[in-house]
Number of protein chains: 2
Amino acid sequence: MENHRLQEALDSLKSTKVRMTPQRHAILEFLFNAKTHPTADDIYKALEGKFPNMSVATVYNNLRVFKEVGLVRELTYGDSSSRFDSNTSDHYHVICEDCGKIVDFHYPGLDEVETLAEHVTNFKVKEHRMEIYGACPECHKLKQH
Amino acid sequence: MENHRLQEALDSLKSTKVRMTPQRHAILEFLFNAKTHPTADDIYKALEGKFPNMSVATVYNNLRVFKEVGLVRELTYGDSSSRFDSNTSDHYHVICEDCGKIVDFHYPGLDEVETLAEHVTNFKVKEHRMEIYGACPECHKLKQH
DNA sequence: TATACTAATTGTAAAGATTATAAAGTAAGA
DNA sequence: TCTTACTTTATAATCTTTACAATTAGTATA
Ligand SMILES: [Mn+2]
Ligand SMILES: [Mn+2]
Ligand SMILES: [Zn+2]
Ligand SMILES: [Zn+2]
């Protein structure tokens, strides 16, 4: 079922001059099955059992390739490391400031914000990003002792 | 005229147990007069004429103090270094992806986005961030050769 | 299947930003 | 002026990410 998206990704890679390697396949598979938004190090640690000699550079190299063909999106939150999302459809994230949990959040609008910004600043607007911060239900409950 | 905001900031620091030092004063003054959104290194370089022996750690230490009392805001853009904004009133930023220029942008709404996110995710929402990306007028003109 | 070409991986070094630490200096109140 | 706790300085350390060169290995072709 979820392998459908993975298969599509593999096909789209094959259609370019990107070679398939066991490491590359494993990284892609891990990303497409991930329910979270893993860091490069998460991926590296998750696969070190299967590929004891894999270099951390391989993880970064592949993430760059996947980004370039549009298969994954990089989420850059100020502190610490980038996170990667194999869901490239338009969606936002709600982030818990206490435990770091990241939840997908769909919202329709915000096109008008881009339009207004374009008018006011004379920029040629291409995209925007938005995140919502707060406390997840679990962390919020804990804080009410 | 702009010294009014600076004076308020100095007073608010004095009202706590934060001591005033020449370095601290200079960093704060630079931030409050800055029209751009400088990085820690920008500040460090701008003041090295006046304080040849100032440590880069002093810049970071003070920025942390200023953040803690709410005098400045840290802007974390994925790649490279954080930027700092002495304008802590609610506003957004429009960023040029070519030259890095950052322009302030005021927009009223987005409270409903927080409300909806709260309902959908059961998070206790505290804040949100949004930036708009594109090409500034100058860079856009250049690309049309 | 063997060959050849080129991309990919590996291991390590390097870069860049930020933080930690300890010693020395100094602001501010008594 | 004295005292004390806060601050600065200098430097090392940490963390993430990238660069590099040598080795390995996909894939197209004969
Ligand atoms: Mn997501
Ligand atoms: Mn601003
Ligand atoms: Zn949480
Ligand atoms: Zn520009």
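Residues numbered from 1 in each chain as written. Chains lettered and ligands numbered in written order. Predicted model: local features only at pLDDT ≥ 70, side-chain atom pairs only at ≥ 80, totals over all residues. Heavy atoms only, no water.

- By the naming in an unreviewed UniProt entry, chain A is Peroxide-responsive transcriptional repressor PerR, taken from Evansella alkalicola.
- One UniProt comment on chain A, placed under Sequence similarities (unreviewed entry), says "Belongs to the Fur family." (UniProt positions renumbered as here; feature names shortened; annotations may be inferred.)

**Comments concerning the protein's contact with DNA strand C**
Item 1. Residues in contact with DNA strand C amount to 19 residues; listed here are only the nearest, Thr21(A), Arg24(A), Asn53(A), Thr58(A) and Tyr60(B).
Item 2. The share of sugar and phosphate among atoms of DNA strand C within 4 Å of the protein is 76%.
Item 3. Gln23(A) has a polar side-chain atom sitting 3.0 Å from a sugar or linking oxygen of DNA strand C.
Item 4. At the level of elements, α2 (22-33) and α4 (56-68) of chain A together with α4 (56-68) of chain B are the ones that each hand at least two residues to the surface near DNA strand C.
Item 5. The leading source of residues in the surface near DNA strand C is α4(A), at four residues.
Item 6. In terms of residue class, the surface near DNA strand C is made up of seven nonpolar, nine polar and three charged. (Near = heavy atom within 4 Å. Polar contact = N/O pair within 3.5 Å; in protein donor to acceptor, adjacent residues only side chain to side chain. Helix = DSSP H or I, 4+ residues; strand = E, 2+ residues; numbered from the N terminus. Nonpolar A, V, L, I, M, F, W, Y, C, P; charged D, E, K, R; others polar.)

**Overview of the coordination of the manganese ion (ligand 2)**
All names here are of chain B.
Item 1. Bound to the manganese ion (ligand 2) are the protein donor atoms His-37 (NE2), Asp-85 (OD), His-91 (NE2), His-93 (NE2) and Asp-104 (OD), situated 2.1 to 2.3 Å from the metal.
Item 2. Between consecutive donors of the manganese ion (ligand 2), the numbers of intervening residues give the motif H-x47-D-x5-H-x1-H-x10-D.
Item 3. Taking relative accessible area as the criterion, Asp-85 reaches 5% and is therefore assigned buried.
Item 4. Given the relative accessible area of 5%, His-93 is considered buried. (Donors = N, O, S within 2.8 Å, 3.2 Å for Na, K, Ca; no water. Buried < 20%, exposed > 50% of the residue type's maximum accessible area, 1.4 Å probe, protein only.)

**Considerations on the relation of the copies chain A and chain B**
Item 1. Laying chain A over chain B is done by rotating through 179 degrees and shifting 0.1 Å along the axis; what remains is an RMSD of 0.1 Å. Viewed as a symmetry operation, the transformation between the two copies matches a two-fold axis. Considering only C-alpha atoms, the part of chain A nearest the rotation axis is Met130(A), at 2.1 Å.
Item 2. Most of the interface of chain A is mirrored in chain B, where 100% of its interface residues again form contacts. (Least-squares fit on C-alpha atoms with pLDDT ≥ 70 in both. Contact = heavy atoms within 4.5 Å.)

**Digging into the coordination of the zinc ion (ligand 3)**
Octahedral metal centres with six donors ideally show angles of 90 or 180 degrees, and tetrahedral centres with four donors ideally show 109.5 degrees.
All names here are of chain A.
Item 1. Donor atoms from the polypeptide that bind the zinc ion (ligand 3) are Cys-96 (SG), Cys-99 (SG), Cys-136 (SG) and Cys-139 (SG), placed at 2.2 to 2.4 Å.
Item 2. Considering all four donor atoms around the zinc ion (ligand 3), angles at the metal cover 104 to 115 degrees and the coordination shape is tetrahedral.
Item 3. Expressed as a motif, the donor residue spacing for the zinc ion (ligand 3) is C-x2-C-x36-C-x2-C. Note that Cys-99 is positioned in the loop between β3 (92-96) and β4 (102-105) and Cys-136 in the loop between β5 (124-135) and α6 (137-142), a separation of 37 residues in sequence. (Tetrahedral: all angles 85-135°; square planar, octahedral: opposite > 155°, others 65-115°.)

**Description of the protein's contact with DNA strand D**
Item 1. Taken together, 19 residues are adjacent to DNA strand D, and Arg19(A), Tyr60(A), Thr21(B), Arg24(B) and Thr58(B) come closest.
Item 2. Those atoms of DNA strand D that come within 4 Å of the protein belong to sugar or phosphate at a rate of 72%.
Item 3. Gln23(B) places a side-chain nitrogen or oxygen 3.0 Å from a phosphate oxygen of DNA strand D.
Item 4. With respect to DNA strand D, the side chain of Thr58(B) contributes an N or O atom lying 2.8 Å from a phosphate oxygen.
Item 5. For the surface near DNA strand D, the secondary-structure elements that each account for two or more residues are α4 of chain A together with α2 (22-33) and α4 of chain B.
Item 6. The leading source of residues in the surface near DNA strand D is α4(B), at four residues.
Item 7. Classifying every residue of the surface near DNA strand D gives seven nonpolar, nine polar and three charged.

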